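# Observations on chain architecture
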Amino acid sequence: MKIQSVLIREIFERSLMSVWGKMFLACLAVGVGVLSYMGYYLIPLAIVVLLAGCIIGYYCLFKPYIGFYILTFIAFFAFYPNHILNRDLPLSTVVEVLVWIVFIGSIKERAPDGMKNNLLSAPVSVMFIIYTGYHIVEYFNPNLGVKDGYFFVMRKYVMFVFIYILGYRLVNTPQRFRQYLKFWIIMAVVGALYGCYQQWFGYLPQEIRYLQKNPREYALLFQGGQLRKLSFFSDVVTFGVMSGSTCVITVILAIHEKDKKKRNLLILGSIFLLLGMSYTGTRTTNVILPIGISLYILMTIRRKSTLITIFASFMFILIVLFAPIHSNKTLNRVRSTFRTNEPSLDVRNDNRHHIQPYIYAHPIGGGLASTGLPGRRFNPDHPLAGFPPDSGLLQIALEIGYIGLGFTIIWYMLIIYQCIYIAFRAKNQEYKIYATAIGCCLISIMVTQYSQASIGQIPSVIFFMSVIAIVRRLQEFDNLGLS
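## Remarks on the overall build of the chain
Per the secondary structure count, the chain includes 21 helices and 2 strands. Within the chain, the fraction of its 483 residues that count as buried is 48%. For the chain, the accessible area works out to roughly 24,400 Å², and carbon and sulfur atoms hold 68% of it.

What follows is the structure in structure tokens.
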């Protein structure tokens, strides 16, 4: 018992910064060096992983606010080791486990004095509860044979619910909100910078080998005479949507920022985010900025800065579409978004028309994980198994029916309504700007669901789910007069 108390004091209270702790770290460093020199690489690696796991687990469980940042940081780089090591490591599962640990640690988190936890009373939360209940009922969907796919999807869905609650529990002061938004922007810009590096200097040899491992996926990435860029992330869509949606926030914040230095940093970050989004070669992401800025214009049409934004946006679109530059492959790829004679677009439209009778005949859908590759994996005999939805909304309509699609649309509308309501009703001008920027960001992500399954991917889903709840906090901050 005495040894246990000494270990707890040395590791968790003193963080190994005592004499005994430093001696232990020195012996550990020498031991790892000797083992590496002798060729036993796995043992030092296992020691490092174990120590890192213990430290991360401790912070996630006992300091959940810091753990939430650690979780987000790891989620950003969860797929990058796969690119370098040329093997698929289950690091996304590690992110899910960390969400559970942080959630358990957050149970003891208390709201600051004078602030009540009334997340569940928000219309968005009520609809989310109904939506979650509908997903639970889908277990009894008679169109779904094997239930393994259902549990596979619901495991991720539970993670989304936890992230929603975590955002509200942990980001519970104005200062924490500013820190979290700043952290997300910095991480997104870092991801965009690496995407720019891949475009300007090329992929690393290890990354090329990883991409070439699957010839079919490699062929999809090689478009317009160049490889599309995915930065640290699992795919180009995740990278593109994350960069584009964050760019919407930085542009709106830059428009309202009075400090010249901060405004210039936001503009610089916006440029890298826009470039990173363009280098993904994903046509869907090219509508993100126009959609976000369009909502911003509608919400702030009376402001002088909005008129300048309209003019600048119009000129930017003209330059992109009609500038006499035809040798730039990235620019040509962006312009192809607005062509109606694209073969890939025709294929997607044909698929939608072909599958519509199934949607009309199945109001509750074919069941979770019944389409695409998950359907082929878990329910190979299902009529939808292997069918490529190529759209988040179409996938929802197929798997949980047009009833579930209706719930989804209502939930999306309530999310945007919440942001708009706070933007117009808040007394604090800063909170108005934040609510406007977040609302424009979220609607731009929702629109991409029409042609891509863009909501639900790591790490974007962490920001998407948490910020919906955090916006509710903005209203509470404003009501209490906190700044």
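## With respect to the side chain of Gln 475
Considering the arrangement of structural elements, one finds Gln 475 in helix α21 (residues 460–480). Within the structure, the side chain of Gln 475 is placed 3.2 Å from the side chain of Arg 472, a separation counted as a polar contact. Ignoring any residue separated from it by four or fewer positions in sequence, one finds Gln 475 in contact with Tyr 421 and Ile 422.

## Examining the packing of helix α4 (residues 64–76) against helix α6 (residues 91–106)
In the contact formed by α4 and α6, the axes pass within 9 Å of each other and the chain directions differ by 170°. In terms of axis orientation, α4 runs roughly antiparallel to α6. Seen from α4, the contacting residues are Pro 64, Gly 67, Phe 68, Leu 71, Ile 74 and Ala 75; seen from α6, they are Val 95, Leu 98, Val 99, Val 102, Gly 105 and Ser 106. Looking at the contact of α4 with α6 residue by residue, the class counts come to 9 nonpolar, 3 polar and no charged.

## Description of the environment of Ala 111
For Ala 111, the location among the structural elements is in the loop between α6 and α7 (123–137). Separated by 59 residues in the primary sequence, Ala 111 and Leu 170 place their C-alpha atoms 8.6 Å from one another. With near-sequence residues (within four places) excluded, Ala 111 lies in contact with Asn 117 and Asn 172.

## As for the nonpolar core
Grouped together as the largest cluster of nonpolar side chains are 108 residues, with contacts concentrated most on Phe 177, Leu 253, Trp 411, Leu 442 and Met 465. In contact with Phe 177, other than residues within four places in its own chain, are Val 171, Tyr 434, Ile 438, Ile 470, Leu 474 and Phe 477. Counting residues in hydrophobic clusters, the runner-up holds 8 residues, among them Ile 355, Ile 359, Ala 397 and Leu 398.

## Notes on unusual backbone geometry
Following Ile 458, the chain continues into Pro 459 via a peptide bond in cis, with omega recorded as 5°. Considering the arrangement of structural elements, one finds Pro 459 in the loop between α20 (429–448) and α21. The backbone phi angle of Ala 369 is positive, close to 60°, even though this residue is not glycine. Structurally, Ala 369 is set in the loop between α17 (343–361) and α18 (372–378).

## Overview of a nonpolar patch on the surface
A surface patch of nonpolar side chains, amounting to about 370 Å² of accessible area, comprises Leu 61, Phe 62, Ile 104 and Ile 107. Here Ile 104 lies in helix α6. Residue Ile 104 is classed as partly exposed on the basis of its relative accessible area, which comes to 47%.

## Looking at helix α13 (residues 260–279)
One full turn of an α-helix is made of 3.6 residues, so residues set three or four places apart face in the same direction. Across its 20 residues, α13 extends 29 Å between first and last C-alpha, which sits within 8% of the 28 Å expected from 1.5 Å per residue. Where α13 is concerned, the buried positions are Leu 266, Gly 269, Ser 270, Phe 272, Leu 273, Gly 276, Met 277, Ser 278 and Tyr 279. Its side-chain oxygen 3.1 Å from the backbone nitrogen of Lys 261, Asp 259 forms the N-cap of α13.

## Quick word on the packing of aromatic side chains
One pass over the full model with this rule turns up 35 aromatic pairs. Consider the rings of Tyr 65 and Tyr 69, whose centres lie 5.1 Å apart with planes at 85°: the pair is edge-to-face. Taken together, the residues Tyr 65 and Tyr 69, both in helix α4 and 4 residues apart, mark about one turn of the helix. The pair Tyr 65 / Tyr 69 is uniform in exposure class, with both members buried.

## Brief notes about the side chain of Gln 418
Looking at the secondary structure, you find Gln 418 in helix α19 (residues 392–425). Apart from the residues lying within four places of it in its own chain, the contact partners of Gln 418 are Ala 122, Val 124, Ile 468, Val 471 and Arg 472.

## Re the pattern of salt bridges
With the rule as written, the count across this model stands at 5 salt bridges. Two residues, Arg 155 and Glu 96, come together in a salt bridge whose shortest N-O distance is 2.9 Å. Taken together, the residues span a long stretch of sequence, with Arg 155 in helix α8 (residues 148–170) and Glu 96 in helix α6 at a distance of 59 residues. Linking Asp 478 and Lys 427 is a salt bridge whose minimum nitrogen-to-oxygen distance equals 3.6 Å. Of this pair, Asp 478 sits in helix α21 while Lys 427 sits in the loop between α19 and α20, and the two are 51 residues apart along the sequence.

## A look at the packing of helix α9 (residues 174–201) against helix α12 (residues 236–256)
Relative orientation of the contacting elements α9 and α12 amounts to 125°, with a least axis distance of 10 Å. When the axis of α9 is compared with that of α12, the two are oblique. Handedness of the crossing formed by α9 with α12: left-handed. On α12, the residues that touch Leu 181, Trp 184, Ile 185, Ala 188, Gly 191, Ala 192 and Gly 195 of α9 are Phe 239, Met 242, Ser 243, Thr 246, Ile 249, Thr 250 and Leu 253. Residue classes in the contact of α9 with α12 are distributed as 9 nonpolar, 5 polar and no charged.

## Considering the environment of Arg 425
Secondary-structure assignment places Arg 425 in helix α19. By relative accessible area, which is 58% here, Arg 425 ends up exposed. Through-space distance from the C-alpha of Arg 425 to that of Gln 475 is 8.9 Å; in sequence the pair is 50 residues apart. Not counting chain neighbours up to four residues away, the residues in contact with Arg 425 comprise Lys 432 and Asp 478.

About the thresholds
Residues numbered from 1 in each chain as written. Predicted model: local features only at pLDDT ≥ 70, side-chain atom pairs only at ≥ 80, totals over all residues. Heavy atoms only, no water. Helix = DSSP H or I, 4+ residues; strand = E, 2+ residues; numbered from the N terminus. Buried < 20%, exposed > 50% of the residue type's maximum accessible area, 1.4 Å probe, protein only. Areas by Shrake-Rupley, 256 points an atom, 1.4 Å probe, with all protein chains shown as cover. Polar contact = N/O pair within 3.5 Å; in protein donor to acceptor, adjacent residues only side chain to side chain. Contact = heavy atoms within 4.5 Å. Axes fitted to C-alpha atoms, helices over the stretch in contact; angles between N-to-C directions. Parallel < 35°, antiparallel > 145°, perpendicular 65-115°, else oblique. Nonpolar A, V, L, I, M, F, W, Y, C, P; charged D, E, K, R; others polar. Core = buried A, V, L, I, M, F, W, Y, C linked by side-chain atoms within 4.5 Å. Patch = residues over 30% accessible without salt bridge, like charges linked within 9 Å, V, L, I, M, F, W, Y side chains within 5 Å. Salt bridge = Lys/Arg side-chain N within 4 Å of Asp/Glu carboxyl O. Expected span 1.5 Å × (residues − 1). Phe/Tyr/Trp six-rings, centres within 6.5 Å; stacked < 30°, edge-to-face > 60°. Left-handed = near helix turned anticlockwise from the far one by under 90°.

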